[in-house]
Amino acid sequence: MDFNIRKATKNDLPQVLDLINELALYENAPEEVTITLKELEKDGFGEHPIYWILLAENENEILGMSFYYIRYSTWKGKTLYLEDLVVKEKYRGNKIGEALFEATIKAAKEMKAKLMTWQVLDWNEPAINFYKKFNAELDEEWINGKLRF
């Protein structure tokens, strides 16, 4: 399958939100998506962007995305955090996820990040197996915490 990888623009945000919703549905949590297009635009394309997106597309549509931002490790320094890597279900198995992941690794290296980190649900065997192909370290020791506001 032919596709290319490029940086997202503000005009891509409706399709990005569609991908976010598709991922939430896959993860059995569609009701958790409360982000709006206006928030995505302000936070990613405003005066001080706090995230970036790489898109996989063919001539007709966006096929998937890598959504990432910078974290800082007090032990290691600058870290690229991969928030979401998602490929539309009908296009999975065409090396799109691999190309997006490799492009994200390249972005991490270009920004001189010391680490690239992400989370994967413990039941998501396809994703776990995908990351294992890259010799990723998958840590079962840490417990995630969050506060809702």
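Peer 1: Break down the nonpolar core for me, with residues and values.
Peer 2: Generally speaking, a soluble globular protein has its nonpolar side chains buried in company with each other. Leu80, Leu82, Phe101 and Tyr131 are the most contacted members of the largest nonpolar core, which totals 23 residues. No other element matches helix α3 (residues 96–110), which puts six residues into this core. Excluding its chain neighbours within four sequence positions, the residues that come into contact with tyrosine 131 are Leu82, Leu85, Phe101, Trp118, Val120, Ala136 and Leu138. Counting residues in hydrophobic clusters, the runner-up holds 15 residues, among them Leu40, Tyr51, Leu55 and Met65.

Peer 1: Describe the pairing of strand β5 (residues 115–118), naming the residues involved and giving the relevant values.
Peer 2: Residues Met116 and Trp118 line the buried face of β5, whereas the alternating positions Leu115 and Thr117 sit on a face that is not buried. The pairing of strand β4 (residues 77–87) with β5 spans four bridges and is parallel. Opposite threonine 79, over in β5, you have leucine 115 as the bridge partner. Since β4 and β5 lie parallel, the crossover through α3 that links them has a hand, and here it is right-handed.

Peer 1: Mind laying out the sheet that holds β4, listing which residues take part and the relevant values?
Peer 2: Overall, mixed pairing links the five strands, which are arranged β1-β2-β3-β4-β5 in an open sheet. Sheet topology places β1 (4–7) and β5 at the edges, where each strand pairs with a single neighbour. Here the strands of the sheet are splayed against their neighbours by 30° on average, with no regard to which way each runs. With four bridges connecting them, β1 and strand β2 (residues 52–57) associate as antiparallel partners. Within β2, the residue paired with isoleucine 5 across the bridge is alanine 56. Packing of helix α1 (residues 13–26) onto the sheet brings it into contact with β2, β3 (62–73) and β4, and relative to β3 it is tilted by some 85°.

Conventions used here
- Residues numbered from 1 in each chain as written.
- Predicted model: local features only at pLDDT ≥ 70, side-chain atom pairs only at ≥ 80, totals over all residues.
- Heavy atoms only, no water.
- Core = buried A, V, L, I, M, F, W, Y, C linked by side-chain atoms within 4.5 Å.
- Buried < 20%, exposed > 50% of the residue type's maximum accessible area, 1.4 Å probe, protein only.
- Helix = DSSP H or I, 4+ residues; strand = E, 2+ residues; numbered from the N terminus.
- Contact = heavy atoms within 4.5 Å.
- Pairing = 2+ DSSP bridges.
- Right-handed = clockwise from strand over helix to strand, strands pointing away.
- Axes fitted to C-alpha atoms, helices over the stretch in contact; angles between N-to-C directions.

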